[in-house]
Amino acid sequence: MNELSGCTILYTRDATHYPAFRDRITDLGGIALHLPLMATRARSLSAAERTILDHSDTLIFTSAAAVRHLQEQYPLRGQQTVAIGEATAAALPQPPDITAPPPYNSEALLAHWHPRETHIALIAAPGGRPYLAEILSQNNTVHTLYPYSRYNPTACWPEALPLPDIITIASQQTLDNLLAIIPQEKRKLIQYRACIAALSARVAQYAEKQGFQHIIAAENASETRQIAAICHWWKQTQEQRHD
């Protein structure tokens, strides 16, 4: 299969995810490049936060990183577990009690699950899932805990990096990190020529606000759907070029 023949895709998630993505793109005839724009580091839980966890009925995990960094510091004690997405669910030692349905986001979880008078701990990174916490707080006691933080591991745009056809973006913060390292003289070129392959409609809307002209969004927050959207866009682009 050569659905992505001639297509160069810049992958911006961390190295853990890159090899599998690269292999899938290569199998489709495309070229994958890697520029990590998001990484995580642990934050120590305080005694007060451990007490909150001990007294929580439900733990909501917002990412696989949230699962990993919490378990490094705190053993689960039989609380009900909720996962936002499939990767998050897979990271848990046991299948979660509840997983958000497609498209695997906060809105989908809230439409599916309606807890009341429950003590909930939302496990996230700073700045993550404020809408989810706000809505759940209307009928529950919600504490948001941060066992990890996110940061940009790439300080500058590599001079030798060719202009990609597509840039994968998993979150608004990832896009902010990209914009922070693009040289001013290249910003307009990238905004007008590179397509942003967003992992959600919310991220796609944010990319549009940031001035990107070509944007596609996955049907749900999975790389399989993201790759399907990339293939569809690339096919359309090639057909338009040959018209």
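Rules and cut-offs
Residues numbered from 1 in each chain as written. Predicted model: local features only at pLDDT ≥ 70, side-chain atom pairs only at ≥ 80, totals over all residues. Heavy atoms only, no water. Helix = DSSP H or I, 4+ residues; strand = E, 2+ residues; numbered from the N terminus. Rg over C-alpha atoms; globule rule 2.2 N^0.38 Å. Buried < 20%, exposed > 50% of the residue type's maximum accessible area, 1.4 Å probe, protein only. Areas by Shrake-Rupley, 256 points an atom, 1.4 Å probe, with all protein chains shown as cover. Lys, Arg positive; Asp, Glu negative; His and termini not counted. Charge placed at Lys NZ, Arg CZ, Asp CG, Glu CD. Pairing = 2+ DSSP bridges. Axes fitted to C-alpha atoms, helices over the stretch in contact; angles between N-to-C directions. Phe/Tyr/Trp six-rings, centres within 6.5 Å; stacked < 30°, edge-to-face > 60°. Lys NZ or Arg CZ within 6 Å of the ring centre and 35° of its normal. Right-handed = clockwise from strand over helix to strand, strands pointing away. Contact = heavy atoms within 4.5 Å. Salt bridge = Lys/Arg side-chain N within 4 Å of Asp/Glu carboxyl O.

## Examining the overall build of the protein
When helices and strands are tallied, the protein shows 10 helices and 12 strands. The C-alpha radius of gyration of the protein comes to 19 Å, within 12% of the 18 Å expected for a compact globule of 243 residues. For the C-alpha atoms alone, the extent of the protein along its principal axes is close to 60 × 35 × 30 Å. Taken across its 243 residues, the protein has 47% of its residues classed as buried. Total accessible area on the protein is roughly 12,200 Å²; 49% of this is exposed by carbon and sulfur atoms. One way to put it: in the protein the 20 positive side-chain charges average out to a point 4 Å from where the 22 negative ones average out.

## Observations regarding the sheet that holds strand β12 (residues 214-217)
Within the open sheet, the 5 strands sit side by side as β2-β1-β10-β11-β12. Their pairing is parallel. Each edge of the open sheet is held by one strand with a lone partner, namely β2 (31-34) and β12. Averaged over neighbouring strand pairs, the angle between their axes works out to 25° when direction is ignored. Of the strand pairs in this sheet, strand β1 (residues 8-11) and strand β10 (residues 166-169) are connected by 2 bridges, and their pairing is parallel. Each residue of the ladder has a partner; that of L10, found in β10, is I167.

## Some thoughts on the packing of aromatic side chains
Enumeration over the complete set of coordinates arrives at 3 aromatic pairs. Summarising the aromatic geometry, the rings of W233 and W234 are spaced 6.2 Å apart at their centres and angled 40° between planes, so their arrangement reads as tilted. The class for W233 is buried, based on a relative accessible area of 15%. Among the aromatic residues, ring-to-ring pairing joins Y11, Y18 and F21 into one connected group. Across the ring face of Y151, the terminal group of R41 is positioned such that the distance to the ring centre comes to 3.8 Å.

## Some thoughts on unusual backbone geometry
For the peptide bond that leads from P102 to P103, omega is 5°, which places it in the cis range. Here P103 shows up in the loop between β6 (98-99) and α5 (106-112). One non-glycine residue, E117, adopts positive backbone phi at about 55°. Positive phi, close to 60°, is recorded for R129, a residue that is not glycine. Tracing the backbone shows R129 in the loop between β7 (119-123) and α6 (130-136).

## Comments concerning the pairing of strand β8 (residues 141-145)
One ladder, built from 5 bridges, connects β7 with β8; its direction is parallel. Across the sheet, residue I120 finds its bridge partner in β8, namely V142. With α6 bridging β7 and the parallel β8, this β-α-β connection has right-handed handedness.

## Focus on the environment of I9
Within the secondary structure, I9 is located in strand β1. In this structure the C-alpha to C-alpha distance between I9 and I25, which are 16 residues apart in sequence, comes to 8.3 Å. Non-local contacts of I9, meaning those with residues more than four positions away in its chain, are made with L4, F21, I25, I31, A32, L33, I166, T168 and I230.

## A word on the pattern of salt bridges
Should the charged atoms of two oppositely charged side chains come close, the side chains can pair. Scanning the model with the defined rule gives 5 salt bridges in all. E223 is the salt-bridge partner of R13, the closest N and O atoms lying 3.0 Å from each other. Residue R13 is located in the loop between β1 and α1 (18-27), and its partner E223 is located in helix α10 (residues 223-242); the two are separated by 210 residues in the primary sequence. R13 sits in the partly exposed class, given a relative accessible area of 26%. Judged by relative accessible area, E223 falls into the buried class, the value being 17%. Residue E107 is joined to R202 by a salt bridge in which the shortest nitrogen-to-oxygen separation is 2.4 Å. A residue pair is termed long-range when its members are at least 10 positions apart, and E107 in helix α5 and R202 in helix α9 (residues 201-209) qualify at 95 residues.

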